[in-house]
Amino acid sequence: MSAEERTTGPLEYRTEAGRMSILGFWIFLGAEVVLFATLFATYAVLFGRTADAPHPAELFEPSMTLIMTFLLLTSSFTCGIAIHEMRRGNAKGLATWLIITLVLGLGFLGAEIYEFVHYVHEGATLPSSAYWSSFFVLAGTHGLHVTLGIGWATLLLIQLARRGLTNVTSRKFFIVSLYWHFLDVVWIFIFTGIYLIGMVI
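None of the values given here were measured: they were computed from a predicted structure.

When you go through the protein residue by residue, the secondary structure sums to seven helices and zero strands. Listing every helix and strand of the protein by position from the N terminus yields α-α-α-α-α-α-α. With respect to the three principal axes, the spread of C-alpha positions in the protein is 65 × 30 × 25 Å. Counting over 201 residues, the protein shows a buried share of 45%. Contacts in the protein between residues far apart in sequence, at least 24 positions, make up 79% of those at least 6 positions apart. When the accessible surface of the protein is split by element, carbon and sulfur atoms take 70% of a total near 9900 Å². Side chains of the protein carry 11 positive and 13 negative charges; the gap between the two charge centres is 19 Å.

In structure tokens:
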């Protein structure tokens, strides 16, 4: 990176530590891809093996699935705006849009918990069949990641209030935004590969 880029480029890239941390996080996301690919492969192998438990088409509700998708994909948009405000040097705008992102993420988690409780009430539980085991592990792992992302971003907002917008805090916000966008991409595959296919097959 040139001397000019180190002073005029995005704040999170202006130090060597920042650039290396972001690179390292991309590598970490590669490991996350492998994790979710393994879970998707397991789900594909066990698809349809519901035993005496309900079939997914009997339980999946299009309206709830669309609400969850809307909430999470909208949160990705607001997260992008938050990073845009960060790069403008607007700490207040960053905090505002990130809080909106977290509220949408909490809405998604609330809908997912409601969905899981409904499925359990209808007889679809983790031990009820191979299919539902793979479903709950895959969807639950994604939900756990969303929960960790919300906690992580909340801690960063506290750090922002205490330290302001610096090379270090901007790097951390950019990395958490990469994580959040990754979870949205994973959800698109879950929405398509689990819910849409499960509703029609």
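Let's shift gears to a nonpolar patch on the surface. Nonpolar side chains collect at one region of the surface, where Met 20, Leu 23 and Ile 27 lie side by side and expose about 310 Å² of accessible area between them. Note on placement: Leu 23 falls in helix H2 (residues 16-46).

Enumeration according to the criterion identifies 24 aromatic pairs in this entry. Between Phe 40 and Phe 189, the aromatic rings sit 6.4 Å apart at their centres with planes inclined by 65°, giving edge-to-face as the arrangement. Taken together, the positions of Phe 40 in helix H2 and Phe 189 in helix H7 (residues 167-200) put the pair 149 residues apart, joining distant regions of the chain. The exposed category is assigned to Phe 189, whose relative accessible area is 53%. Three or more aromatic residues joined by ring pairs make a cluster, and in this case those are Tyr 43, Phe 47, Phe 60, Phe 108, Phe 116, Tyr 119, Tyr 131, Trp 132, Phe 135, Phe 136, Trp 187 and Tyr 195.

This brings us to the packing of helix H5 (residues 91-121) against helix H6 (residues 130-163). Between H5 and H6, whose axes approach to 10 Å, the crossing angle comes to 155°. One element, H5, and the other, H6, form an angle in the roughly antiparallel class. In this structure, the crossing between H5 and H6 has a hand that is left-handed. Counted by class, the contact of H5 with H6 contains 21 nonpolar, six polar and two charged residues.

A separate point is the packing of H6 against H7. Contact geometry for H6 and H7: axes closest at 10 Å, N-to-C directions at 160°. Between H6 and H7, the interaxial angle falls into the category roughly antiparallel. For the pair H6 and H7, the crossing hand works out as left-handed. Class assignment for the residues of the contact of H6 with H7 results in 22 nonpolar, five polar and two charged.

We now examine the nonpolar core. Among the nonpolar cores identified, the biggest contains 55 residues, and Tyr 119, Trp 132, Phe 135, Phe 173, Ile 194 and Tyr 195 are the most heavily contacted of them. Here this core gets 15 residues from one element, more than from any other, and that element is H7. Among all residues touching Tyr 119, those that are not within four sequence positions of it are Leu 59, Phe 60, Ala 124, Trp 132, Phe 135, Phe 136 and Tyr 195.

The backbone of Ala 51 shows a phi angle near 55°, a positive value even though the residue is not glycine. When you line up the elements, Ala 51 lands in the loop between H2 and helix H3 (56-59).

Definitions and limits used
- Along each chain, numbering runs from 1 in the same order as the chain's sequence is written.
- Owing to the predicted nature of the model, reporting of local features is limited to residues with pLDDT of at least 70; listing and counting of side-chain atom pairs is limited to 80 or more, with chain, interface and lining totals taken over all residues.
- Water and hydrogen atoms play no part in the side-chain values, which are based on all heavy atoms of the structure.
- To qualify as a helix, a DSSP run of H or I must reach at least 4 residues; to qualify as a strand, a run of E must reach at least 2; elements of each kind are numbered from the N terminus.
- Three exposure classes are used, based on accessible area relative to the maximum for each residue type with a 1.4 Å probe and protein chains only: buried under 20%, partly exposed in between, and exposed over 50%.
- Residue contacts follow a heavy-atom distance rule, with two residues in contact if any of their heavy atoms lie within 4.5 Å.
- Here the accessible surface of atoms and residues is derived via Shrake-Rupley with a 1.4 Å probe, and residues count as covered only by protein chains that are part of the display.
- We score Asp and Glu as negative and Lys and Arg as positive, and we do not count His or the chain ends.
- For charged residues, the charge sits on one atom: NZ in Lys, CZ in Arg, CG in Asp, CD in Glu.
- Patch membership is restricted to residues that have no salt bridge and whose relative accessible area is over 30%. Joining uses 9 Å for like charges and 5 Å for the nonpolar side chains Val, Leu, Ile, Met, Phe, Trp and Tyr.
- When a carboxyl oxygen of Asp or Glu is within 4 Å of a side-chain nitrogen of Lys or Arg, the pair counts as a salt bridge.
- When two rings of Phe, Tyr or Trp (its six-membered ring) have centres within 6.5 Å they constitute a pair, described as stacked for plane angles under 30 degrees, edge-to-face for angles over 60, and tilted for the intermediate range.
- Interaxial angle, 0 to 180 degrees, is taken between N-to-C directions of lines fitted to C-alpha atoms, where a helix line uses only the stretch in contact.
- Reported orientations rely on four angle classes, namely roughly parallel under 35 degrees, roughly antiparallel over 145, roughly perpendicular from 65 to 115, and oblique for the rest.
- Crossing handedness: left-handed means the near helix sits turned counterclockwise from the far one by under a right angle, and right-handed means the same turn made clockwise.
- Here the nonpolar group is Ala, Val, Leu, Ile, Met, Phe, Trp, Tyr, Cys and Pro; Asp, Glu, Lys and Arg are the charged ones; every other residue, Gly included, is treated as polar.
- Put simply, buried Ala, Val, Leu, Ile, Met, Phe, Trp, Tyr and Cys residues joined by side-chain atoms within 4.5 Å make one nonpolar core.

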